[in-house]
Amino acid sequence: MTVRKPSRGGVAVALALSGALTLGAGTLAGADRGPGHGPPWHEEDGPTVELGVEVLLEDQLDLLDGKRVGLITNPTGVDSELTHTMDLLVEHEDEGGYELTALYAPEHGILGGAPAGANVPNYVDPRTGLTVWSLYGATQRPTEEMLEDVDVLVFDIQDIGARFYTYIWTMYYAMDAAAEYGKDFIVLDRPNPLGDRMDGPVLDPALSSFVGLREIPMQHGLTVGELAALFNGEFLEEPVDNFHVVEMDGYDPDDFVEGYGLEWVPPSPNIPTLETAWAYVGTGLIESLDASEGRGTTMPFLWIGHGDIDEVAAYNLAEDLNSRGLEGVHFRPMFANPTTSKQAGRLSGGVQVHITDPEAYVPVRTGLHVLQAFYDTEGVDWREGTIYPNQQCETEADTCWIDRLSGDKDVRLQLEAGVHPDEIIAGWAEELAAFNEVAEDYRLYEDDRRPGHGHGRGGPGDGWTPPGHGGTPPGHRG
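Owing to the predicted nature of the structure, the values given are computational and were not obtained by experimental measurement. (Residues numbered from 1 in each chain as written. Predicted model: local features only at pLDDT ≥ 70, side-chain atom pairs only at ≥ 80, totals over all residues. Heavy atoms only, no water.)

*Asks:* I keep staring at the overall build of the chain and nothing clicks. Help me out?
*Replies:* Helix and strand content of the chain: 13 helices and 12 strands. Counting every position in the chain, which comprises 478 residues, the buried fraction comes to 60%. Restricting to contacts in the chain with at least 6 residues of sequence separation, those with at least 24 account for 76%. (Helix = DSSP H or I, 4+ residues; strand = E, 2+ residues; numbered from the N terminus. Buried < 20%, exposed > 50% of the residue type's maximum accessible area, 1.4 Å probe, protein only. Contact = heavy atoms within 4.5 Å.)

As structure tokens, this is what we get:
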């Protein structure tokens, strides 16, 4: 088993057999509920956190005073009453002395309805008359033309804590362009639906792509504001000079088990529920197989199946996975007939993932076990083709989709060699711990449960250039 030496910025971390580094985990009331009980979340009334956009409008509008503002957003850019940030910024223009002059669309578009991987066009928004520039089409990085009418870029999108979820890389490229063209950059911070737990291998730079540009773990454990601060301090060759995070008020990462008391707005078509977001960072690995990860069903990333799996095999898979001691989850044999994507039109056997205790649930460990169980099932193999033409997955030298998603070829090679998933997990502990050490310098929220955890960087919206030094980003300026 090969363990890479952590690189400077490419750092990293793990926990041997448990598979997750839990930072300041609390105790969930009702955590002993089994699969026959109702979900133990959403027990709090109302939001437990004030979002970055709300803090901006209440206390920090001076950040925008006199500036032309470009907003990078999608349907998740809302306040706790579900009013969109675009509308809020337009409403407060006179009060704040700024003008909203452009909009920028990530994957799935401003409206959130474009399929995964589909190009998003430029167009004029009919409600505001503003140009919507695509950051998921001809380019993924803002051009000089796209930024000529703005002084500051504002990022307000809900991330879901997974390295291979592309919105954080839209933010990375936008920050890179802001630095090059002398624009300010503001992040309106939002909670991480997975809390502050980190897990998974740290990306090997040789596998850099838009599902993982820089050396962070699969489950990064940071808010988008914290992640942006880390990008600015560790990875950008030229940091953004005037960089701000408008911090949340009252953020406690342990509140992820309650969804922070917020309504869930799907960040993309196949993340329809909070439970899907909890599972995605692990079961998203099923994208690398020719089995269905649930696209084209009502349970994306919570059901996995294949047309060659019959009733007996489905029951055997569920029994096998339930015997592995995976925390906070129960597997039920289930059949579905996907209407699109892999296995479309085939009645497919598999398992449904029931998250019975979100606090105990370890998504990356669970996902790796599910991946191994299906990969070892007759008729199931690695997916080929995907977004890379003529991509094959037959030899060690090939770069497969599982390599891009996991960020480490060793994961695939060890699975193919029959190495137990928990042994694979143990192999990334050292690099995960190294990443966590670097990330501590960029955490923004006080938590007395973390001994020795200091911040000292000012309150919400204070301008600061994070500690650290710039790295050289890979040549992905698409």
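*Asks:* Got a minute to help me understand the side chain of S208 in this structure?
*Replies:* The topology assignment puts S208 in the loop between β7 (199-202) and β8 (217-219). Here L213 takes part through its backbone oxygen, which lies 2.9 Å from a polar atom of the side chain of S208. (Polar contact = N/O pair within 3.5 Å; in protein donor to acceptor, adjacent residues only side chain to side chain.)

*Asks:* Teacher, can you tell me more about the sheet that holds strand β1 (residues 68-73) here?
*Replies:* Strand pairing in a sheet relies on backbone hydrogen bonds, with the paired strands running either antiparallel or parallel. Overall, mixed pairing links the 7 strands, which are arranged β3-β4-β2-β1-β5-β6-β9 in an open sheet. Because the sheet does not close on itself, it has two edges, and the strands there are β3 (123-124) and β9 (243-246). Pairing between β1 and strand β5 (residues 152-156): 5 bridges, direction parallel. Bridge pairing links T73 to D156 in β5. (Pairing = 2+ DSSP bridges.)

*Asks:* It is not clear to me how helix α13 (residues 429-439) should be interpreted in this structure. Could you clarify?
*Replies:* Every α-helix winds through 3.6 residues per turn, so residues three or four apart in the chain are directed the same way. Looking only at α13, the buried set comprises E431, L432, F435, N436 and A439. Down the axis of α13, the sector holding all buried residues measures 145°, keeping them to one side. Along α13, the residues that are exposed and aim more than 90 degrees away from the buried face are E430 and E437. On its buried face, α13 sits against β7, β8 and α6 (224-235). (Arc of directions from axis to C-beta.)

*Asks:* Explain the environment of G250 to me, please; I cannot follow it from the model alone.
*Replies:* Turning to its location among the elements, G250 is positioned in the loop between β9 and α7 (274-283). For G250, a relative accessible area of 45% corresponds to the partly exposed category. Note: C-alpha distance between G250 and E50 (200 residues apart in sequence) is 6.4 Å. G250 has contacts with T48 and V49, leaving out every residue within four places of it along the chain.

*Asks:* What is the right way to read the packing of helix α5 (residues 167-181) against α6 from this model?
*Replies:* Two quantities define a packed helix pair, namely the angle between the helix axes and the distance between the axes. It is the contact of α5 with α6, at a shortest axis distance of 11 Å, that shows an interaxial angle of 45°. As summarised for this structure, α5 and α6 are arranged oblique, according to the angle between their axes. Pair α5 / α6 crosses with right-handed handedness. Across the interface between the two elements, I168, W169, M171, Y172 and M175 of α5 pack against V224, L227, A228, F231, N232 and F235 of α6. Split into classes, the residues belonging to the contact of α5 with α6 amount to 10 nonpolar, 1 polar and no charged. (Axes fitted to C-alpha atoms, helices over the stretch in contact; angles between N-to-C directions. Parallel < 35°, antiparallel > 145°, perpendicular 65-115°, else oblique. Left-handed = near helix turned anticlockwise from the far one by under 90°. Nonpolar A, V, L, I, M, F, W, Y, C, P; charged D, E, K, R; others polar.)

*Asks:* So what exactly am I meant to see when it comes to α6 here?
*Replies:* Counting buried residues along α6, 12 of its 12 residues qualify, which places the element largely inside the surrounding structure. By the burial criterion, the buried members of α6 are V224, G225, E226, L227, A228, A229, L230, F231, N232, G233, E234 and F235. Those residues of α6 hidden inside the fold are in contact with β5, α5, β6 (184-188), β9 and α13.

*Asks:* When you look at the packing of helix α8 (residues 311-322) against helix α9 (residues 363-375) in this model, what are you seeing that I'm missing?
*Replies:* Running from N to C, α8 and α9 point in directions that differ by 145°, and their axes come no closer than 11 Å. Between α8 and α9 lies a crossing of right-handed hand. Touching L317, D320 and L321 of α8 are H369, V370, A373 and F374, all from α9.

*Asks:* What's the story with the packing of aromatic side chains in this structure? I'm lost.
*Replies:* For any pair of aromatic rings, geometry is given as the distance between the ring centres together with the angle between the planes. Considering all chains together, one arrives at 15 aromatic pairs under this definition. Ring centres of Y280 and F301 lie 4.8 Å apart, and the angle between their planes is 90°; this geometry places the pair in the edge-to-face category. Of the two residues, Y280 sits in helix α7 while F301 sits in the loop between α7 and β10 (303-306), which places them 21 residues apart along the sequence. We note that Y280, like F301, is buried. By the ring-pair criterion, three or more aromatic residues cluster together here, those being Y136, W169, Y172, Y173, F210, F231 and F235. (Phe/Tyr/Trp six-rings, centres within 6.5 Å; stacked < 30°, edge-to-face > 60°.)

*Asks:* Looking at this structure, I do not really get the environment of A277. What am I missing?
*Replies:* Locating A277 in the fold gives a position in helix α7. Residue class for A277 comes out buried when judged on its relative accessible area of 1%. Each C-alpha atom of the pair A277 and P363 lies 9.9 Å from the other, and the pair is 86 residues apart in sequence. Other than its neighbours up to four places away in sequence, A277 contacts I160, P193, L194, W264 and I271.

*Asks:* In this structure, what is going on with the pairing of strand β2 (residues 99-105)? I would like to understand it.
*Replies:* Look at any regular strand and the pattern is simple: side chains alternate between the two faces of the sheet. Most of β2 sits out of view: 6 of its 7 residues are buried. Sheet analysis places β1 next to β2, joined by 5 bridges and oriented parallel. By the bridge assignment for β2, R68 is matched with E99. Of the strand pairs in this sheet, β2 and strand β4 (residues 131-134) are connected by 3 bridges, and their pairing is parallel. Across the sheet, L103 pairs through a bridge with V132, a residue of β4.

*Asks:* I'm lost on the pattern of salt bridges in this one. Help?
*Replies:* Oppositely charged side chains can pair when the atoms bearing their charge come close. Evaluated as defined, the whole model comprises 18 salt bridges. Across the salt bridge formed by R141 and D176, the nearest N and O atoms sit 3.1 Å from each other. Of this pair, R141 sits in the loop between β4 and α4 (144-147) while D176 sits in helix α5, placing them 35 residues apart in sequence. Here R346 makes a salt bridge to D308, at a shortest N to O gap of 2.7 Å. In this pair, R346 sits in the loop between β11 (329-336) and β12 (348-355) while D308 sits in the loop between β10 and α8, placing the two residues 38 residues apart along the sequence. Taking the relative accessible area as the measure of exposure, R346 reaches 33% and is therefore partly exposed. (Salt bridge = Lys/Arg side-chain N within 4 Å of Asp/Glu carboxyl O.)

*Asks:* Quick question: what am I supposed to make of the confidence of the model for the chain here?
*Replies:* Caution applies to low-pLDDT regions: their predicted coordinates should not be interpreted in detail. Per-residue pLDDT for the chain has a mean of 86; in total, 83% of the residues score no lower than 70. Of the regions scoring below 50 in pLDDT, residues 1-42 engages in 127 contacts with residues more than four places distant in sequence or in other chains. Residue range residues 448-478 is modelled with pLDDT below 50. Its contacts to residues more than four positions away, or to other chains, number 90 contacts. (pLDDT = per-residue confidence, 0-100.)

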